[in-house]
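These are the residues of each chain, in order.
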Amino acid sequence: MSSSSVTPISVVYIITRADTIGGAQRHVIEMASELVRLGHKATIICGEGVALPKVLKSQRIPYVQIPRFRRQLSGINDILALREIKNSINKIAPDLVSLHSSKAGILGRVACRSLGVPCVFTAHGWAFADGVGRAKAFLYASIEKRLQYWSACTICVSKSDRDLAESFGFERNHMVVIHNGRHDTPPKDRNRSCAQEDNVKIVMIGRLDRQKDHCTLIHALSTLDRYELTLVGDGPLQNELVRQIRAVGMTARVRFCGFVEDVRPMLDESDIFALISNWEGFPRSTLEAMRANLPVVVSDVGGSAEAVINGETGFVVQRGNIASVRAKLAMLIDDDSLRSRLGTAGREKFLNSFTFEAMRDATITIYEKAIGRALTVE
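Thresholds applied
- By convention here, each chain's residues receive numbers from 1 onward along its written sequence.
- Local features in a predicted model are, by the rule used here, given only for residues with pLDDT of at least 70; side-chain atom pairs are given and counted only at 80 or more, and totals for whole chains, interfaces and linings are based on all residues.
- Hydrogen atoms and water are omitted, and side-chain values are computed over all heavy atoms in the structure.
- Strands are runs of DSSP state E lasting at least 2 residues, helices are runs of H or I lasting at least 4, and numbering of each runs from the N terminus.
- Note that the radius of gyration is over C-alpha atoms, with the globule rule given as 2.2 Å times the number of residues to the power 0.38.
- Residue contacts are counted whenever heavy atoms from the two residues lie within 4.5 Å of one another.
- The protein chains shown are the only cover counted for residues, whose accessible areas, like all others here, come from Shrake-Rupley with a 1.4 Å probe.
- For the charge count, each Lys or Arg is scored as positive and each Asp or Glu as negative, with His and the chain ends excluded.
- For this purpose, a charge sits on NZ of Lys, CZ of Arg, CG of Asp or CD of Glu.
- Strands were regarded as paired on the criterion that DSSP finds at least two bridges between them.
- What counts as an axis is a line fitted to C-alpha atoms, over the stretch in contact for a helix, and the angles between N-to-C directions run from 0 to 180 degrees.
- For every residue, the accessible area (1.4 Å probe, protein chains only) is compared with the maximum for its type, and the residue is labelled buried under 20%, exposed over 50%, or partly exposed between those bounds.
- What we call a nonpolar core is a set of buried Ala, Val, Leu, Ile, Met, Phe, Trp, Tyr and Cys residues that are connected through their side-chain atoms within 4.5 Å.

Student: Before we go on, may I ask you to explain the overall build of the protein chain in this structure?
Tutor: A count of helices and strands for the protein chain gives 13 helices and 13 strands. A compact globule built from 378 residues should have a C-alpha radius of gyration of about 21 Å, and the protein chain, at 21 Å, falls within 12% of that. Oriented by its inertia axes, the alpha-carbon framework of the protein chain measures out at about 65 × 45 × 40 Å. Put simply, 69% of the contacts in the protein chain that link residues at least 6 apart link residues at least 24 apart. When the accessible area of the protein chain is evaluated, it comes to approximately 16200 Å², of which 48% is carbon and sulfur surface. Side chains of the protein chain give 49 positive and 41 negative charges; the mean places of these two sets differ by 7 Å.

Student: I tried to follow the environment of A305 on my own but got confused; where do I start?
Tutor: Position of A305 among the secondary structure elements: in the loop between β12 (296-299) and β13 (314-317). Between the alpha carbons of A305 and L164 there is a distance of 15 Å; along the sequence they are 141 residues apart.

Student: What exactly am I supposed to notice about the sheet that holds strand β10 (residues 254-258) here?
Tutor: Picture the strands of a sheet paired through backbone hydrogen bonds; they go either parallel or antiparallel. The parallel open sheet is built from 6 strands, whose spatial order is β10-β9-β8-β11-β12-β13. Since the sheet does not close on itself, it has two edges, and those belong to β10 and β13, each with one partner. With strand direction ignored, the average angle separating the axes of adjacent strands in the sheet is 20°. Alignment of strand β11 (residues 272-275) against β12, held across 3 bridges, turns out to be parallel. Residue L275 lies in a different strand from β12, and its bridge partner there is V298. Set on the sheet, helix α10 (residues 284-291) makes contact with β8 (200-205), β11 and β12; between it and β11 the angle comes to about 170°.

Student: Where do I start with the sheet that holds strand β6 (residues 153-156) in this structure?
Tutor: One open sheet accounts for 7 strands, arranged β3-β2-β1-β4-β5-β6-β7; its pairing is parallel. Each having just a single partner strand, β3 (63-65) and β7 (175-177) make up the two edges of the open sheet. Each strand axis lies, on average, 20° off the axis of its neighbour in the sheet, ignoring direction. Strand direction decides the pairing type here: strand β1 (residues 10-15) and strand β2 (residues 41-46), joined by 6 bridges, are parallel. When the sheet's bridge partners are listed, I15 is paired in β2 with C46. Running at roughly 130° to strand β4 (residues 96-100), helix α13 (residues 356-371) makes contact with β1, β4, β5 (119-123), β6 and β7 of the sheet.

Student: What should I look at first to understand the side chain of S304 in this one?
Tutor: Relative to the assigned elements, S304 resides in the loop between β12 and β13. For S304, a relative accessible area of 1% puts it in the buried group. Residues within four places of S304 in sequence aside, it is in contact with E280, G281, P283, V298 and S299.

Student: Any chance you could explain the nonpolar core here in plain terms?
Tutor: For soluble globular proteins, nonpolar side chains are generally found buried alongside one another. Core analysis: the largest hydrophobic core is formed by 52 residues, its most contacted members being I202, L217, L221, L267, F273 and L329. Core analysis: the next-biggest nonpolar cluster, separate from the first, contains 34 residues, I45, I66, V97 and A141 among them.

Student: What should I look at first to understand unusual backbone geometry in this one?
Tutor: Only a minority of non-glycine residues have a phi that is not negative, and only a minority of peptide bonds are not trans. For A93, which is not glycine, the phi torsion reads 55° and is therefore positive. With respect to the element layout, A93 can be found in the loop between α3 (75-92) and β4. Notably, N293 is not glycine yet its phi reads approximately 70°, a positive angle. With respect to the element layout, N293 can be found in the loop between α10 and β12. Among the residues examined, N293 registers a relative accessible area of 16% and is labelled buried.

Below is the structure:
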């Protein structure tokens, strides 16, 4: 990297889903914004949806939307989407294409190879991760393995993802691990000491779908007292979760907030963060909780545990283990000093390892190697 004046570059980011703002979308938005701030050019190509374009318009980031570009494998639509992606890349004439999500990675690498444009692929959790189903895992692993050398490098957001890919026969030396990072913001100066009659506030941030394991969290909390649970996120399983919560008599304790653009106020109001999941890449929500001085309880899936020092900044629990989730949450609910100690240590871990600047610098180093030219970083 160089801090001297260099020729600006143009980067195209390609991501499939535009109907939601998850970790991959936020990464693309923040990296594109940062390149623009540094005097470079950034354009985003995405599929159908309104959530992502709304944010891009508000931040004045140029984008191209391709309605045929969809998450599911779909024969003729994929062929037509590939043609539109190639046309868009040709028109923009970028120095580099940065690909995000499995579908974008597949079509994007094919397009870039045919056009002779260097590209980098970031896997925000593999489509063949544990928990997605054996047939789907085999299909996507086979495709990804064939395409691995069609990009200059594959960025994995966790060591777990790199190890998983290697177990499927991927070349380890063609992959690099760059953990997600978040911009720092001052945490709320909260008093964690709760009177015995006060409820401790627990928050979980995550889409209400099968990737997250809200069911285990609900059953873990069903026999505990002195807490309130806030679920941030929307998704297809909300009605089912409402039924489960009603069945175990927790309706008065649980609040659904839906999708929230800025989760910082939700975290500032909370005492404990939980991310109980079936599979993950490297969750950004855990970093946001650590940034906010919250103790965390996360499932040991994907790279989730890589952000947490078990017993020092939070707790790592076995996937689907209701008893373990219940025990760790009970400890935190009952012990103000434990929450404070783990939360303080978690913020220190965040500042030392997971800032946006650390992620940005590592990512830009990969960009520089791919295009053979230095970028300005200040």
